[in-house]
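Understanding the architecture of this molecule
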Number of protein chains: 2
Amino acid sequence: MRWDRGEGAQVASRGGRPRIGQVAALAGVSATTVSHALNGRRPVSEATRRRVLDAIEQLGYRPNVVARGLRAGRSLTIGLVIPDITNPFYPVLARGLQDVLGPAGYDEIVTNTNGERDLERHALDKMISRQVDGIAFAVFHTHADDLRPVIDAGIPVVRLGGRQALPGVDLVHSDDEGSAAEAARYLLRGGFRRIAFVCGPAAEGPAAERVAGYRAALAEAGFAVDPELIAHTEFSRAGGAEGVGRLLELPDPPDAVMCANDMMAIGAVDAARERGLRVPGDLAVMGFDDIEAASLVTPQLTTMANPAREIGRACARLLLERISGTVTGPSTEVIIPARLVRRQSA
Amino acid sequence: MRWDRGEGAQVASRGGRPRIGQVAALAGVSATTVSHALNGRRPVSEATRRRVLDAIEQLGYRPNVVARGLRAGRSLTIGLVIPDITNPFYPVLARGLQDVLGPAGYDEIVTNTNGERDLERHALDKMISRQVDGIAFAVFHTHADDLRPVIDAGIPVVRLGGRQALPGVDLVHSDDEGSAAEAARYLLRGGFRRIAFVCGPAAEGPAAERVAGYRAALAEAGFAVDPELIAHTEFSRAGGAEGVGRLLELPDPPDAVMCANDMMAIGAVDAARERGLRVPGDLAVMGFDDIEAASLVTPQLTTMANPAREIGRACARLLLERISGTVTGPSTEVIIPARLVRRQSA
DNA sequence: ATGAAAGCGCTAACAA
DNA sequence: TTGTTAGCGCTTTCAT
């Protein structure tokens, strides 16, 4: 052995970063005391604390969170597994998570899966390897099996979006049904009576919930739902235009139309104007999600804002509770209401 | 000591996660051999390797990256410090980083600073504490001092955006001057002769570069730059409208206008149409950045796409080179060209 | 081709 | 109030 180090091995570590031992040496105390002065798990005399803090300051010491994590069995890290951070919904979600996680001392590591199952599984494995303390998992097409390893590893998981509850996995999602109902009621209050709905190719997933809310609101107001007024089309601007085009051909066309998302609503406006209709005078249009463009097109879109940030926050809160053991019961489901953003199109 | 564990302490760790010792025991080899079978740093007989792999499979073993990192002195993590992931530029940047970092085995941890200096410093401290192997740092108002601790810690840093080179810090940014010149040349080729520029309140930062490129292109084509054709205004839709409004009042108004960003360009279109001008027939409009809305407004914006993803990739490459020591010289500057996105407005 | 043992930097018993 | 010692899970000399 090479004892060319000080007594007790208090020497600069890799990258010249000081370690706790150096601080201890400089302050004339043990590493333990430095540790406790830092995380206050045991009383330290005021005089000592000051000397320790001085030494820390002087050396520019920053505790090694990796070592701490290894020892403590927690990494103060949570994993965020999403399809693609480039999809505008997810950055807001990520920010919501950080709103809550940051102050609690947690950081998040983000992985994109492109919605591919292999990559999802791989991402989950990676999160286990990285000893994350919790996982926020935003995926729709996932088999419960894929989450097995994570659950077995005892890592709390919160699923974002989707509907079916997975055993042992909490769920946070927006209130699609309620929001659609609110949107429909809003149109009803505005005096519109033939309200159509332009939804996706198949009535499944969130879109189905939205249709359900629409039906519920009409029924509740005593209106029958004319099946002709539900148009299936693609989830795109062109799809929206096409769907609304068909609705406007009807013998008794709608005076308002709700779209499953904002892109479709933008297409709906295209179609209406193409036919010389004024929006919302001749045809009111409502979107869903409140994407950035919703306020930029003309007329600006009235829409239900997807509460991404709130979802992120709720997810983070849940995660922290699971991690701390505050909550231990069976899977929870948290439903976040969307917000009506009133603009010129309805 | 409690030797209520197997011989040599091969017992399930926290959360029931198997550790290397368990794999070793099951495969009938030492932990050392498992380690080598896994990262191939030394030959392992085919038979042994198979047994190890089987054991790993059977136990669902996943190496603890935290422990590995502590031992190896590298965390396989890079830190991304940005103002706000909610700003659409950054998610794309983050994705670009991951494009390169992911395959190299790195993950990224993201922090938002809201552009506040205190939070920036705090974020950097955190990154040191977390032992990241590199940092991508996207901030404009930063003193070189703030990066001192990181540099002292021997952590490679790449700055994103900004212009002035900081000692010891590589820089990656878009070619604002070149892009603006390209945009101007494009308009020139289109036959436009009185090309105006709507820029921000003060001519500094990227906006200044863009003005410079605009001037250069005009000069190169043998046109004088009429100072009247440079309008200073706010970086917003309203600002763009206002600036173009002023330009159109001129005795000899422009036939084309370049805007410092897309929001301003959208405002420019507003102003033109308000005055009954056709775009691009009577007034061609160019934007900058290619935000999502650029393709959604009518007419769609011709614009220079901010090469965020490419910037992210270049940054990641640089970081990996610095980490591996492939590159050791002085600070590098990488300039990424923007891409002309031709649409209906010019 | 394989093992034993030391140690990355820290915290938590256990002692004093 | 403080220190000593062991060990988190892994990789890496050094030895065989």
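Owing to the predicted nature of the structure, the values given are computational and were not obtained by experimental measurement.

1. Regarding the interface of chain B and chain A
Chain B puts 55 residues into the contact, and the matching count from chain A is 55 residues. When chain B packs against chain A, the two sides together hide about 4500 Å² of surface, and 47% of this comes from carbon and sulfur. Taken as a group, Arg17(B), Arg62(B) and Arg130(B) account for 16% of the area that chain B buries against chain A, more than any other trio of residues on that side. At the boundary of chain B with chain A, the tally comes to eight salt bridges. In this structure, Asp84(A) engages Arg95(B) in a salt bridge whose closest nitrogen and oxygen atoms are separated by 2.8 Å. Summed over the shared surface of chain B and chain A, the result is 28 residue pairs in polar contact (both at pLDDT 80 or more). Breaking the side of chain B that touches chain A down by element, the ones donating at least two residues are helix H4 (65-72), helix H5 (89-101), strand S2 (107-112), helix H6 (117-129), helix H7 (144-152) and helix H11 (262-274) of chain B. Across the side of chain B that touches chain A, the residue classes tally to 24 nonpolar, 16 polar and 15 charged. Across three bridges, the pairing between strand S2 (residues 107-112) of chain A and S2(B) is antiparallel.

2. Things to note about the domain arrangement of chain A
By domain assignment, chain A separates into domain 1 (20-63), domain 2 (74-174 + 308-337) and domain 3 (176-305). Centre-to-centre, using C-alpha coordinates, domain 1 of chain A lies 63 Å away from domain 3 of chain A.

3. Observations regarding the sheet that holds strand S6 (residues 195-199) of chain B
Neighbouring strands of a sheet are bound in pairs by backbone hydrogen bonds; such pairs are parallel or else antiparallel. All names here are of chain B. Strand order in the open sheet formed by six strands is S7-S6-S8-S9-S10-S12, with mixed pairing between adjacent strands. Where the open sheet ends on each side, the last strands, each with one partner, are strand S7 (230-232) and strand S12 (339-341). If you compare each strand with its neighbour and ignore which way they point, the axes differ by 20° on average. Two elements, S6 and strand S8 (residues 256-259), share four bridges in a ladder whose sense is parallel. Paired with Val198 across the strands is Cys259, a residue of S8. Each of S6, S8, strand S9 (284-289), strand S10 (302-305) and S12 touches helix H8 (residues 176-189); the most contacted strand, S9, lies at about 160° to it. Packed onto the sheet, helix H10 (residues 237-249) meets S6, S7 and S8 and runs at close to 140° relative to S7.

4. Description of the relation of the copies chain B and chain A
Superposition record for chain B on chain A: RMSD 0.1 Å, screw rotation 180°, translation along axis 0.0 Å. Given the turn and translation reported, the copies of this chain are related as if by a two-fold rotation axis. In this assembly, 100% of the residues forming the interface of chain B have copies in chain A that are likewise at the interface, indicating an isologous arrangement.

5. Considerations on the side chain of Ser75(B)
Counting through the fold element by element, Ser75(B) comes out in the loop between H4 and strand S1 (77-82). Residue Ser75(B) is classed as buried on the basis of its relative accessible area, which comes to 9%. The residues contacting Ser75(B), other than those within four sequence positions of it, are Arg130(A), Val65(B), Arg130(B), Gln131(B), Val132(B) and Asp133(B).

6. Notes on the UniProt feature "domain: HTH lacI-type" (unreviewed entry) in chain A
Look at the UniProt record and you will see "domain: HTH lacI-type" (unreviewed entry) annotated at residues 18-72 of chain A. Along residues 18-72 of chain A the backbone is 71% helical and 0% strand, and the end-to-end C-alpha distance reaches 21 Å.

7. Section: the nonpolar core
Among the nonpolar cores identified, the biggest contains 102 residues, and Leu187(A), Met258(A), Leu187(B) and Met258(B) are the most heavily contacted of them. If near-sequence neighbours (up to four positions away) are discounted, Leu187(A) is found in contact with Phe192(A), Ile195(A), Ala256(A), Met258(A), Ala284(A), Met286(A) and Ala346(A). If you look at the next biggest cluster of nonpolar residues, it comprises 50 residues, including Ile336(A), Ile82(B), Ala94(B) and Leu97(B).

8. Digging into the sheet that holds strand S9 (residues 284-289) of chain A
All names here are of chain A. Here we have six strands laid out as an open sheet, ordered S7-S6-S8-S9-S10-S12, and mixed in their pairing. Looking at strand neighbours, the two that pair on one side only are strand S7 (230-232) and strand S12 (339-341), the edges of this open sheet. Neighbouring strand axes in the sheet, compared pairwise and without regard to direction, differ in orientation by 20° on average. Examined bridge by bridge, strand S8 (residues 256-259) and S9 share three bridges and lie parallel to one another. Within S9, the residue paired with Ala256 across the bridge is Ala284. Together, strand S6 (195-199), S7, S8 and S9 form the strand contacts of helix H9 (residues 206-220), whose direction differs from that of S6 by roughly 170°. Against the sheet, helix H10 (residues 237-249) touches S6, S7 and S8, its axis set at about 140° to S7.

9. A closer look at the pattern of salt bridges
Under the definition given, this model contains 52 salt bridges over all chains. A salt bridge links Asp176(B) to Arg210(B); the nearest nitrogen and oxygen atoms lie 2.8 Å apart. Here Arg210(B) lies in helix H9 (residues 206-220) and Asp176(B) lies in helix H8, a separation of 34 residues in the sequence. The burial state of Asp176(B) is the same as that of Arg210(B); both residues are buried. Where Asp282(B) meets Arg278(B), a salt bridge forms, and the shortest distance between an N and an O atom there is 3.2 Å. Since its relative accessible area comes to 31%, Asp282(B) is described here as partly exposed. Relative accessible area serves as the criterion here: at 56%, Arg278(B) is assigned to the exposed category. It is possible to trace a salt-bridge network through shared partners that takes in Asp84(A), Arg95(B), Asp99(B), Arg309(B), Glu310(B), Arg313(B) and Arg317(B).

10. Here's the deal with the state of the cysteines
Taken as a whole, this structure holds zero disulfides over all chains when the rule is applied. Not part of a disulfide, Cys199(A) finds its nearest cysteine sulfur in Cys259(A), a span of 10 Å.

11. With respect to the packing of aromatic side chains
For any pair of aromatic rings, geometry is given as the distance between the ring centres together with the angle between the planes. Residue and element names in this part refer to chain B. By the definition in use, this model includes four aromatic pairs over all chains. For the pair Phe89 and Tyr90, a centre-to-centre distance of 5.2 Å together with 75° between the ring planes defines the contact as edge-to-face. Judged by its relative accessible area of 7%, Tyr90 is buried.

Parameters at a glance
- Residue positions are counted from 1 within each chain, in the order its sequence is given.
- Naming scheme: in the order in which they are written, chains are lettered from A and ligands are numbered from 1.
- It should be noted that, the model being predicted, local features are given only for residues of pLDDT at least 70 and side-chain atom pairs only at 80 or more, the latter also being counted only at that level, while totals for whole chains, interfaces and linings use all residues.
- Only hydrogens and water are set aside when side-chain values are computed; all heavy atoms of the structure are taken into account.
- Note on contacts: a residue pair qualifies if any of its non-hydrogen atoms lie within 4.5 Å across the two residues.
- Summed over both partners, the accessible surface that disappears when two parts come together, traced with a 1.4 Å probe, is what is meant by buried area.
- Salt bridge criterion: a side-chain nitrogen from Lys or Arg within 4 Å of a carboxyl oxygen from Asp or Glu.
- In protein, a polar contact means a hydrogen-donor-capable atom and an acceptor-capable atom, both N or O and within 3.5 Å, with residues adjacent in sequence counting only if both atoms are side-chain atoms; elsewhere, any N or O pair within 3.5 Å suffices.
- Strands are runs of DSSP state E lasting at least 2 residues, helices are runs of H or I lasting at least 4, and numbering of each runs from the N terminus.
- For this classification, Asp, Glu, Lys and Arg are treated as charged, while Ala, Val, Leu, Ile, Met, Phe, Trp, Tyr, Cys and Pro are nonpolar and the rest, including Gly, are polar.
- In this analysis, strands are considered paired if DSSP registers two or more bridges between them.
- The start and end points of each domain follow an automatic or database-based domain assignment.
- Only the contacting stretch of a helix is used when fitting its axis, a line to C-alpha atoms as for every element, and angles between N-to-C directions run 0 to 180 degrees.
- C-alpha atoms of residues with pLDDT of at least 70 in both copies form the basis for the least-squares superposition of the copies.
- We call a residue buried when its accessible area falls under 20% of the maximum for its residue type, exposed when it is over 50%, and partly exposed in between, using a 1.4 Å probe and counting protein chains only.
- UniProt positions are given in the numbering used here, feature names are shortened, and annotations may be inferred rather than shown by experiment.
- Grouping buried Ala, Val, Leu, Ile, Met, Phe, Trp, Tyr and Cys residues that are joined through side-chain atoms within 4.5 Å yields what is termed a nonpolar core.
- Two cysteine sulfur atoms form a disulfide, by the criterion used here, when they sit within 2.5 Å.
- Stacked, edge-to-face and tilted are the three classes for Phe, Tyr and Trp ring pairs, Trp counted by its six-membered ring, which pair at centre distances within 6.5 Å; planes under 30 degrees apart are stacked, over 60 edge-to-face, the rest tilted.

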